[in-house]
Amino acid sequence: MELRHIKGYLFDIDGVLLLGKEAIPGAKELLDALRSRGKHVLFVSNTSSRSRLQCIEQFTRAGIQIADEELFLASEETSHYIARLKPKARAYVLGSKGLYAELEKEGIAILPSENVDPQAVDFVVVGRDRTLTYDKLTTAFQAITHGAKFVAVNNDPTVPGRNGLEPGAGAIVAALSAMLGRGPDINMGKPATLLLEMAAQHRSLKPHECAMVGDTIDVDIVAGNRAGMTTILVLSGNASREDLNSQAAQGDGRPDIVVPSVRDLLDMIA
Ligand SMILES: [Mg+2]
């Protein structure tokens, strides 16, 4: 497949450019090569709890320099999106302190976690909430049934934790969806397309001018295909070659290009 027409490369981070604390071999060289050819490089992360600073530091420690404006986090884009829909919106938030801070930065009023009138809520925003309680779930549910918009920062069922996998935002989204009998009104993170679209729009790029590079078929590749971008699967993280034969890799999950790792893209971008 031809990549000459691609003007913007959107990268998932974990398993694509970084593996734990280390850079994936060839990641720095590929980013340098793309930048020197005048291509846009954008980093799109589903995170609802890691801050911008933490993400940039993670790159820096791995020896990769990224620019602030190249990084797009689902939590921040959710805040921008809500602020654009309804300035000074009132939000009930199931999420981290970091998510609270990002919403507040955009002028969104965060309602207290207890004793909230469900009718006073404009948006219920769901990220990863380590202090989730039955009462908070109840308030969130009631607010949505009273007309608040149901917003998912991402739909990741699990995320890596200190001692193995932990519930992600998607687990809480699923609990609310089960109660409501429907999914969120607004889905920011991959496999939804909004995060990718917002990143591309920032550079005035059309979807067909973009490539989405990811390591997870049912998240990165599905999002890229649904957004109308060229999709590139790397096998340096989540997905293995065997996964390409799975049901998930059909239809929207079928990548346009499969390479062992970002290093192999170096020869293809010329
Ligand atoms: Mg990944």
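How each quantity is defined
- The numbering scheme is per chain: residues are counted from 1 as the chain's sequence reads.
- Given that this is a predicted model, residues contribute local features only at a pLDDT of at least 70 and side-chain atom pairs are listed and counted only at 80 or more, while totals for whole chains, interfaces and linings are drawn from all residues.
- Under the DSSP-based scheme used, a helix requires at least four consecutive residues in state H or I and a strand at least two consecutive residues in state E, with every element numbered from the N terminus.
- Two things to know: the radius of gyration comes from C-alpha atoms, and the globule rule equals 2.2 Å times the number of residues to the power 0.38.
- Burial is judged by counting other C-beta atoms within 10 Å of a residue's own C-beta: 20 or more means buried, 12 or fewer means exposed, and anything between counts as partly exposed, with every C-beta placed from the backbone.
- A pair of residues counts as a contact when their C-beta atoms, built from backbone coordinates, are separated by no more than 7 Å.
- Between N-to-C directions, angles cover 0 to 180 degrees, with each direction set by a line fitted to C-alpha atoms, over the stretch in contact for helices.
- Each crossing is labelled by how the near helix is turned from the far one, with a counterclockwise turn of less than a right angle marking it left-handed and a clockwise turn marking it right-handed.
- Here the nonpolar group is Ala, Val, Leu, Ile, Met, Phe, Trp, Tyr, Cys and Pro; Asp, Glu, Lys and Arg are the charged ones; every other residue, Gly included, is treated as polar.
- One bridge is not enough; two strands pair if DSSP finds at least two bridges between them.
- For the domain bounds, the source is a domain assignment made automatically or taken from a database.
- Buried Ala, Val, Leu, Ile, Met, Phe, Trp, Tyr and Cys residues whose C-beta atoms connect them within 7 Å together make up a nonpolar core.
- In a helix, the anticipated span is given by 1.5 Å times the number of residues less one.
- Working definition: the arc comes from the directions between the helix axis and the C-beta atoms, pointing outward to the latter.

K.L.:
Got a minute to help me understand the overall build of the protein chain in this structure?
P.N.:
Assigned secondary structure in the protein chain consists of 8 helices and 15 strands. For 270 residues, the compact-globule estimate of 2.2 N^0.38 gives 18 Å, and the protein chain sits close to it at 19 Å. C-alpha atoms of the protein chain, sized along the principal axes, occupy 60 × 35 × 35 Å. Burial analysis of the protein chain (270 residues in total) assigns 44% to the buried set. Taking contacts inside the protein chain between residues at least 6 apart in sequence as the whole, the part at least 24 apart equals 70%.

K.L.:
Even after reading the chapter, I still don't get the packing of helix H3 (residues 74-85) against helix H4 (residues 97-105), so can you show me in this structure?
P.N.:
For any two helices packed against each other, one specifies the inter-axial angle together with the distance between the axes. It is at 8 Å that the axes of H3 and H4 come closest, and there the two elements cross at 30°. When you trace H3 past H4, the crossing you get is right-handed. Taking contact as the criterion, the partners of Ser-75, Glu-76 and Ser-79 in H3 are, on H4, Gly-98, Leu-99, Glu-102, Leu-103 and Lys-105. Split into classes, the residues belonging to the contact of H3 with H4 amount to 2 nonpolar, 3 polar and 3 charged.

K.L.:
Before we go on, may I ask you to explain the pairing of strand S1 (residues 8-11) in this structure?
P.N.:
It is a general feature of regular strands that their side chains alternate between the two faces of the sheet. Across the two faces of S1 the burial is the same, with Gly-8 and Leu-10 and Tyr-9 and Phe-11 all buried. Sheet analysis places S1 next to strand S4 (residues 40-45), joined by 4 bridges and oriented parallel. Across the sheet, residue Phe-11 finds its bridge partner in S4, namely Phe-43. Sheet analysis places S1 next to strand S13 (residues 210-214), joined by 4 bridges and oriented parallel. Looking across to S13, one finds that Phe-11 is bridged to Val-213.

K.L.:
How do you make sense of the sheet that holds S13 when you look at a structure like this?
P.N.:
Sheets are built from strands paired through backbone hydrogen bonds, the pairs being either parallel or antiparallel. Pairing within the open sheet is parallel, and its 6 strands lie in the order S5-S4-S1-S13-S14-S15. Lying at the two open borders of the sheet, with one neighbouring strand each, are strand S5 (71-73) and strand S15 (257-259). Shown here is a sheet whose adjacent strand axes are inclined to one another by a mean of 20°, direction ignored. Contacts from H3 reach S4 and S5 within the one sheet, and its direction differs from that of S5 by about 75°.

K.L.:
Is there a simple way to think about the domain arrangement of the protein chain in this case?
P.N.:
Interfaces are often described in size by the accessible area the parts lose on coming together. Parsing the protein chain into structural domains produces domain 1 (8-46 + 190-265) and domain 2 (80-187). Using only C-alpha atoms to locate each centre, domain 1 and domain 2 end up separated by 27 Å.

K.L.:
What am I meant to see in the nonpolar core here?
P.N.:
Here is a general trend for soluble globular proteins: nonpolar side chains tend to be buried in one another's company. Membership of the largest hydrophobic core comes to 68 residues, with the highest contact counts inside it found for Leu-10, Val-124, Val-126, Leu-196 and Val-213. For this core, the element with the highest residue contribution is helix H8 (residues 217-226), accounting for 5 residues. Split by domain, the residues of this core number at least three in each of domain 1 (8-46 + 190-265) and domain 2 (80-187). Sequence-distant contacts of Val-126, defined by excluding residues within four places in its chain, comprise Leu-94, Gly-95, Val-151, Ala-152, Val-153, Ala-169, Ile-172, Val-173 and Leu-176.

K.L.:
Whenever I open this one, helix H5 (residues 134-145) confuses me. Can you help?
P.N.:
Helical geometry: 3.6 residues make up each α-helical turn, so side chains three or four residues apart lie on a common side. With 12 residues, H5 ought to run about 16 Å at 1.5 Å a step, and its terminal C-alpha atoms sit 17 Å apart, in line with that. Where H5 is concerned, the buried positions are Thr-139, Ala-140, Ala-143 and Ile-144. The buried side chains of H5 occupy one side of the element, clustering within an arc of 130° when seen end-on. Turned more than 90 degrees away from the buried face of H5, the exposed residues are Tyr-134, Asp-135, Thr-138 and Thr-145. In this structure, the buried side of H5 is in contact with strand S6 (90-94), strand S8 (123-126), strand S9 (149-152) and helix H6 (169-180).

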